[in-house]
Amino acid sequence: IIDAQKLRQRFYGEWQDSFQDIIMHDVDLSGIDLHGTWIHPVNMSGAYFSNVKFRDANLSRVDFNRSSFIGCDFRGANLEGANLEGAELICTDFRGASLEAAGTYYVRCIGVNFQGANAS
């Protein structure tokens, strides 16, 4: 289990590209910049997020493969090129989010709001 401050310290302190299988609950990551690159995507695969705010965050090219999101808020977030393949999205809000070129194969959605989201 990791909180927002520890996540920021690990990410910004030195290059950390793997947060695989982390668990976050009731954390506000609004506005955080955790973007990866095509060569070095940030690995958050298999992670579990509940009631996490990612509002206006830059999460482009983050690998969320097989991650779970329950009650999360991605309003206005940038998820361009992110990998959401095999993710579970339950009661999650993507209003106004950018999902251009995001990998969305086998995503399971229950009660997800994509209103105004930009996706290709």
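Model, not experiment: these values are computed from the prediction. (Residues numbered from 1 in each chain as written. Predicted model: local features only at pLDDT ≥ 70, side-chain atom pairs only at ≥ 80, totals over all residues. Heavy atoms only, no water.)

## Describing the overall build of the chain
Consideration 1: Scanning the chain from terminus to terminus reveals one helix and nine strands.
Consideration 2: Looking at the chain alone, contacts between residues at least 24 apart form 22% of all its contacts between residues at least 6 apart.
Consideration 3: Entry remark: accessible area of the chain is about 6,200 Å², with carbon and sulfur atoms responsible for 49%. (Helix = DSSP H or I, 4+ residues; strand = E, 2+ residues; numbered from the N terminus. Contact = heavy atoms within 4.5 Å. Areas by Shrake-Rupley, 256 points an atom, 1.4 Å probe, with all protein chains shown as cover.)

## Quick word on the packing of aromatic side chains
Between two aromatic rings, the relevant description is the distance of the centres plus the angle of the planes.
Consideration 1: Within the structure shown, the criterion is met by nine aromatic pairs.
Consideration 2: Judged by centre distance (5.4 Å) and plane angle (75 degrees), the rings of Phe49 and Phe54 are edge-to-face.
Consideration 3: Summarising the aromatic geometry, the rings of Phe54 and Phe69 are spaced 6.4 Å apart at their centres and angled 75 degrees between planes, so their arrangement reads as edge-to-face. In this pair, Phe54 is assigned in the loop between β3 (48-50) and β4 (62-63) and Phe69 in strand β5 (residues 68-70), connecting sequence segments 15 residues apart. A single burial state applies to Phe54 and to Phe69, both of which are buried.
Consideration 4: In this structure an aromatic cluster arises from ring pairing among Phe49, Phe54, Phe64, Phe69, Phe74, Phe94 and Phe114. (Phe/Tyr/Trp six-rings, centres within 6.5 Å; stacked < 30°, edge-to-face > 60°. Buried < 20%, exposed > 50% of the residue type's maximum accessible area, 1.4 Å probe, protein only.)

## Regarding the side chain of Asp63
Consideration 1: Relative to the elements of secondary structure, Asp63 occurs in strand β4.
Consideration 2: The side chain of Asp63 is buried and forms no salt bridge, while Arg66, the nearest opposite charge, is found at 7.1 Å.
Consideration 3: At 2.9 Å, the side chain of Asp63 forms a polar contact with the backbone nitrogen of Asn65.
Consideration 4: Here Asp63 is in contact with Val42, Asn43, Met44, Ser45 and Asn83, once residues within four sequence places are set aside. (Lys, Arg positive; Asp, Glu negative; His and termini not counted. Salt bridge = Lys/Arg side-chain N within 4 Å of Asp/Glu carboxyl O. Polar contact = N/O pair within 3.5 Å; in protein donor to acceptor, adjacent residues only side chain to side chain.)

## Quick look at the pattern of salt bridges
Consideration 1: Summed over the entire model, instances satisfying the criterion amount to five salt bridges.
Consideration 2: For Arg55, the salt bridge goes to Asp73, with nearest N and O atoms at 3.7 Å. Here Arg55, found in the loop between β3 and β4, pairs with Asp73, found in the loop between β5 and β6 (88-90); they are 18 residues apart in sequence, far enough to count as distant.
Consideration 3: For Asp73, a relative accessible area of 9% corresponds to the buried category.
Consideration 4: In this structure, Glu88 and Arg108 form a salt bridge, with 3.7 Å as the shortest nitrogen-oxygen distance. Within this pair, whereas Glu88 is found in strand β6, its partner Arg108 is found in strand β8 (residues 108-110), the two being separated by 20 residues in sequence.

## Overview of the environment of Leu84
Consideration 1: Tracing the chain through its elements places Leu84 in the loop between β5 and β6.
Consideration 2: Expressed as a C-alpha distance, the spacing of Leu84 and Ser67, which sit 17 residues apart in the sequence, is 7.5 Å.
Consideration 3: With sequence-adjacent residues up to four places away left out, Leu84 is seen in contact with Phe64, Phe69, Leu99, Gly103, Tyr105 and Val107.

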